[in-house]
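Chain residues, written in single-letter form:
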Amino acid sequence: MSSTIAADRPQRSRFGKLLRELWFQVVLAAVLGVAVGLLLPDVGAALKPLNDWFIALVKMIVIPVVFCVVTTGIASMDNLRKAGRIGVKAIGYFLVLSLVSMLIGLVVANIFKPGAGMHIDPATLDAGAVPSEATEQHATFTGFVSSLIPDTLFGAITSDNILAALLVSIVFGVALNVSGPAAAPLTRGISALSVVVFRIVGWVMRLAPIGTFGALATVVATYGASSLRQLGFLIVLFTATCVVYVVVVLGAIMRACKLSLFGLMRFLKAELLVALSTCSSEAVLPQMVRKLEILGIGRPVVGIVIPSGFSFNLDGSAVYLTMASLFLAQAVGINLSWQQQLVMVGIMMLTSKGTAGIAGGAFIVLASTITAVGHVPLAALALIVGVDRILNEGRVFINVLGNAVAAIVIGKWENDFDQDGARRVLSAGAAEPEFDQPAVEEAPSKG
């Protein structure tokens, strides 16, 4: 009997360790959320505030993370031209990947024609089913630029506009850098503040399973199994396209960097699961910054690439935009020429930039594009409102993973990436870091 007890003891210990892992807690919460949504739909629908509260807590800490990481990263640089190089390389990479993503969606929709044969009369569609924010006036380029400039210098730090906060953080970091020894106490103060901020991030992330539970319980209770059958071909085709994109495109980029894509996915499993369940890439921005520093990417690279990437490098959303636009056109019997499709891609390259990685953001961009192009009636959006939440799963997964790959590419390009260390981390099974440990101790700036 004693030998049996001794044999059981390590097993219980392994399970206990697994139970303490954030990613396993998220998976467990997801299963429970689906079960509650199916078995107790009234209870599941009432659990929506759990996810809303979790997202609100994350958004509360996102801007301080961006400010601390970007400011200290630039302030510690020996050469300010490096910040400019990182920014230019990142924007160039984002534009190329966005274009590739949109063209992939375009080709898939033209080959498989998911909306062909539906013969929907636009007059029969319920325009009231389209969310009101999708039918409101959409942002112009001048309005976008204006939104980057806060009313006051520190107004951006207290708002929820990531790009405005990024702009102020860059300016503040440059000012600290050129101010020399006189600004050193302030730089040390912001570095100390980042320790406190990442401790708060650790506390907030411990609530991720609760947010996951509420999100999936609400989705399943609201849409039920019927939502999985509705427009099933589009859902399957888009999901398959996302899988191919991850394996082929992101896999090729990681192979070029001589790293394992699946190793990176294991390393980021908790973040990917949280993003999938909450359908918000913004929900994992703080811990993405932290983990990529642990992976060996320099703080200046992470600080610039990740916050900007979560607004400019939404590759999953780019695939969705072209596929959904052609699906709607095919469903209502509108045949778009290649010239019209390429014009549509050009407009999407503009309308898809500067959108924060929040749930449903791509749907608003789709409405903006349809309004700008004018070939498809806006009421056609009612066709995919019911399944947009399901399609968002693939979008957010690629958005998060694609930005991690982007940070690796730019870090390697800048020679600000410990590749040997990253290979060791990815091959070691990616132990989950403690977010409440000071970021500056584990990931010193390489500037």
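Heads up: the structure comes first, above all this text.
Note that this is a predicted model, so its numbers are computed, not measured.

1. What to know about the overall build of the protein chain
Turning to step 1, where the next piece is worked out: A count of helical and extended segments in the protein chain gives 22 helices and zero strands.
Turning to step 2, where the next piece is worked out: Expressed as a percentage of its 447 residues, the buried residues of the protein chain come to 53%.
Turning to step 3, where the next piece is worked out: Residue pairs in contact within the protein chain that sit at least 24 positions apart in sequence constitute 86% of those at least 6 positions apart.
Turning to step 4, where the next piece is worked out: Put simply, the protein chain shows about 19000 Å² of open surface, and 67% of that area lies on carbon and sulfur atoms.

2. Some details on the packing of aromatic side chains
Turning to step 1, where the next piece is worked out: Tallying each qualifying case throughout the model produces three aromatic pairs.
Turning to step 2, where the next piece is worked out: Here F67 and F172 contribute two aromatic rings whose centre-to-centre distance is 5.6 Å and whose plane-to-plane angle is 55°, an arrangement assigned as tilted. One end of the pair, F67, is in helix α4 (residues 48-75); the other, F172, is in helix α8 (residues 162-179), with 105 residues separating them in the sequence.
Turning to step 3, where the next piece is worked out: Relative accessible area serves as the criterion here: at 9%, F67 is assigned to the buried category.
Turning to step 4, where the next piece is worked out: For the pair F238 and Y320, a centre-to-centre distance of 6.1 Å together with 80° between the ring planes defines the contact as edge-to-face.

3. Brief notes about helix α17 (residues 315-331)
Turning to step 1, where the next piece is worked out: With 17 residues, α17 extends 24 Å from end C-alpha to end C-alpha; this agrees with the ideal 24 Å at 1.5 Å per step.
Turning to step 2, where the next piece is worked out: Summarising burial for α17: 17 of the 17 residues are buried, a large majority.

4. Comments concerning the pattern of salt bridges
It is possible for side chains bearing opposite charge to pair when their charged atoms get close.
Turning to step 1, where the next piece is worked out: Inspection of every chain in the model, using the stated rule, returns seven salt bridges.
Turning to step 2, where the next piece is worked out: One connected set of salt bridges, linked through shared partners, spans R85, K89 and E414.

5. Things to note about helix α16 (residues 299-312)
Given 3.6 residues to a turn, an α-helix orients residues that are three or four positions apart in the same direction.
Turning to step 1, where the next piece is worked out: Between its terminal C-alpha atoms α16 stretches 19 Å, which fits the 20 Å expected from 14 residues at 1.5 Å a residue.
Turning to step 2, where the next piece is worked out: With respect to burial, α16 is a largely interior element, 14 of its 14 residues being buried.

6. Brief notes about the environment of I398
Turning to step 1, where the next piece is worked out: Along the chain, I398 falls in helix α20 (residues 388-413).
Turning to step 2, where the next piece is worked out: Under the relative-accessibility criterion, I398 is labelled buried at 0%.
Turning to step 3, where the next piece is worked out: Remark: the alpha-carbon pair of I398 and L250, spanning 148 residues in sequence, is separated by 9.1 Å.

7. Notes on the side chain of T241
Turning to step 1, where the next piece is worked out: Residue placement: T241 occurs in helix α12 (residues 232-256).
Turning to step 2, where the next piece is worked out: When near neighbours in sequence (up to four residues on either side) are disregarded, T241 contacts I104, V108, V319 and M323.

Reading the values: rules and limits
- Residues numbered from 1 in each chain as written.
- Predicted model: local features only at pLDDT ≥ 70, side-chain atom pairs only at ≥ 80, totals over all residues.
- Heavy atoms only, no water.
- Helix = DSSP H or I, 4+ residues; strand = E, 2+ residues; numbered from the N terminus.
- Buried < 20%, exposed > 50% of the residue type's maximum accessible area, 1.4 Å probe, protein only.
- Contact = heavy atoms within 4.5 Å.
- Areas by Shrake-Rupley, 256 points an atom, 1.4 Å probe, with all protein chains shown as cover.
- Phe/Tyr/Trp six-rings, centres within 6.5 Å; stacked < 30°, edge-to-face > 60°.
- Expected span 1.5 Å × (residues − 1).
- Salt bridge = Lys/Arg side-chain N within 4 Å of Asp/Glu carboxyl O.

It is worth stressing that arrangement in space is one thing and function is another; only the former is reported here.
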